[in-house]
Amino acid sequence: MKIKQIIVAGTLLVSVASFAQKDELKALKKIYDRDTPSSEDVIAYKANLNKLEPIVTEEADKVYFNYYKAVLPQIELASLGTATPPKPEQLAKLFTPSAISDLASAYANTLDFEKKSGKKIFTSDINEDVAVLKPMLFQVVVSLDGQKKYKEVSQVFYSMYQFDKKDTDNLYYAASYATNSEDYTKALEYYNELKSINYTGEGTSYVAKSKATGQDESFKTKEERDKLVTIGTHTNPREEKLPSKKGEIYKNIALILVQQGKIEEAKTAISDARKTNPEDTSLMLTEANLYLKLNDKATYSKIISDVLQKDPNNPTLLYNLAVLTDEGKDTDQAEKYYKKAIELKPDYFDAYLNLSELLLRKDEVFVKEMNKLGTSDKDNKRYEVLKSERNKCFTNALPYLEKAVQLQPDNQAAKSTLMSVYNALEMTDKLKALKGK
């Protein structure tokens, strides 16, 4: 009899726990459905989550418990009211990278479960919330980026990709920021995922200048840009073609593999990419860069020769060759490539700016030696020689820098460098005129 009684008691306990579980879920749903929950509602919501967590057992209850738990930041945000838009610091406090990751996971699991069960309780809510959350989460990204928390930025971008896998740019940004934060394991994972979905990043960017900042801003759609131009916040609308990022992706995969000591895997990754896209010069440049990193100058030179044979009069290709060659410390050859790119494309701002930077880099050597000199006659004579050589360096760079500023007068980096050169060459009239612009 005692054994039977224990079994009955146990059954009753399970039954009571099950009823309690359902009650807490109902209480959560009630608060969840309110447009503007009160601060007391938020406290009750958290209390019900705490009660429910240790007794959730059934699959459906686990899915919905995790959903309710993940949307807590949204409940707290809703409790603040809608009279004014949430401030970036409020969003950053509620939507931490880990909270956003949990939300993305809960959304995915809930959508999968409701698709399987046929009962779409939260499917519509999730689809609507994703559209609302995207701009909010971008504010979180901007805040984290400003703090140089690149690993966290990468995590948020990956979660945003999980929200909407059609927005593959977010996966690319996740990979890029993971690389910047030196989280190479995650970066390689994301780059391989980009490779598997055949991401290129090609497209059109719709650009307009903001009246408030004076800077160009890019928009994904023509409608979004044109709306701001119409209301008067932006001017100078135009379109820019976005080049393929495939070469960059394969390059980074290869470089990470090299960094991890997986040299043969890196060579295979690039070789396989070349076989799939034999005419892609960006992949050829990636392969050349790999062999440059491995100090295999013979293979590097052969690939560069092949690239030039394919398209010898392509200014973008020559510019990329210049960048790559400069990275390999062959500044003389890089200078030739930049000049050829400019010859083919006289309005090539990036080529002018990079070439001027390359030529001005020699100044570091002169300054270093000049700072070591004393006050003897011998040192004074050497100082004058170095000063003359330094002025030649400035004079050589000057026309390219002036052209860069002429092409983009609002570019502060170019303008600031040009003012420094004018100052060094004691060109006071030109310095005053530039400062006045």
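Colleague: Explanation requested: the pattern of salt bridges in the structure shown.
Modeller: Any two side chains of opposite charge can pair, on the condition that their charged atoms come close. Going through the model one piece at a time under the given rule, you end up with 23 salt bridges. Across the pair Asp 226 and Lys 222 runs a salt bridge, and its minimum N-O distance is 2.7 Å. Of this pair, Asp 226 and Lys 222 are both found in helix α11 (residues 222-231), four residues apart, which corresponds to roughly one turn of the helix. Since its relative accessible area comes to 24%, Asp 226 is described here as partly exposed. Where salt bridges share partners, they join Lys 134, Asp 164 and Lys 166 into one cluster.

Colleague: In this structure, what is going on with the sheet that holds strand β3 (residues 234-242)? I would like to understand it.
Modeller: Strand-to-strand pairing in sheets goes through backbone hydrogen bonds, with the strands running parallel or antiparallel. Across the sheet, which stays open at both edges, the three strands sit in the order β2-β1-β3 with antiparallel pairing between neighbours. Every other strand in the sheet has two partners, leaving β2 (216-219) and β3 as the edge strands with one partner each. Across the sheet, the mean angle separating the axes of adjacent strands is 30° when strand polarity is ignored. The pairing of strand β1 (residues 203-210) with β3 spans seven bridges and is classified as antiparallel.

Colleague: Help me out: how do you make sense of the layout of surface pockets in this one?
Modeller: Empty space among the atoms becomes visible once a probe the size of a water molecule is rolled across them. Reported here for the largest pocket is a volume of approximately 1,600 Å³. Residue lining of the largest pocket: 42 residues in total, with Pro 243, Thr 316, Tyr 319, Tyr 348 and Asp 350 positioned closest to the centre. Only β1, β2, β3, α12 (246-259), α14 (281-293), α16 (315-327) and α18 (349-360) provide two or more residues apiece to the lining of the largest pocket. Looking at the lining of the largest pocket element by element, the count peaks at seven residues for α16. Residues that form the lining of the largest pocket fall into these classes: 13 nonpolar, 15 polar and 14 charged. Considered as a void within the structure, the second largest pocket measures approximately 870 Å³ in volume. Every residue lining the second largest pocket is counted, 26 residues in all, and those nearest its centre are Phe 138, Asp 169, Tyr 173, Ser 218 and Lys 220. Among the elements that make up the lining of the second largest pocket, the one with the highest residue count is helix α7 (residues 123-146) (six residues). Taken together, the residues of the lining of the second largest pocket sort by class into twelve nonpolar, six polar and eight charged.

Scoring rules and cut-offs
Residues numbered from 1 in each chain as written. Predicted model: local features only at pLDDT ≥ 70, side-chain atom pairs only at ≥ 80, totals over all residues. Heavy atoms only, no water. Salt bridge = Lys/Arg side-chain N within 4 Å of Asp/Glu carboxyl O. Helix = DSSP H or I, 4+ residues; strand = E, 2+ residues; numbered from the N terminus. Buried < 20%, exposed > 50% of the residue type's maximum accessible area, 1.4 Å probe, protein only. Pairing = 2+ DSSP bridges. Axes fitted to C-alpha atoms, helices over the stretch in contact; angles between N-to-C directions. 1 Å grid on protein atoms, 1.4 Å probe; cavity = no way out; pocket = protein on both sides within 12 Å on 5 of 7 lines; lining within 4 Å. Points joined across faces, edges and corners; volume = space filled by probe spheres on them. Nonpolar A, V, L, I, M, F, W, Y, C, P; charged D, E, K, R; others polar.

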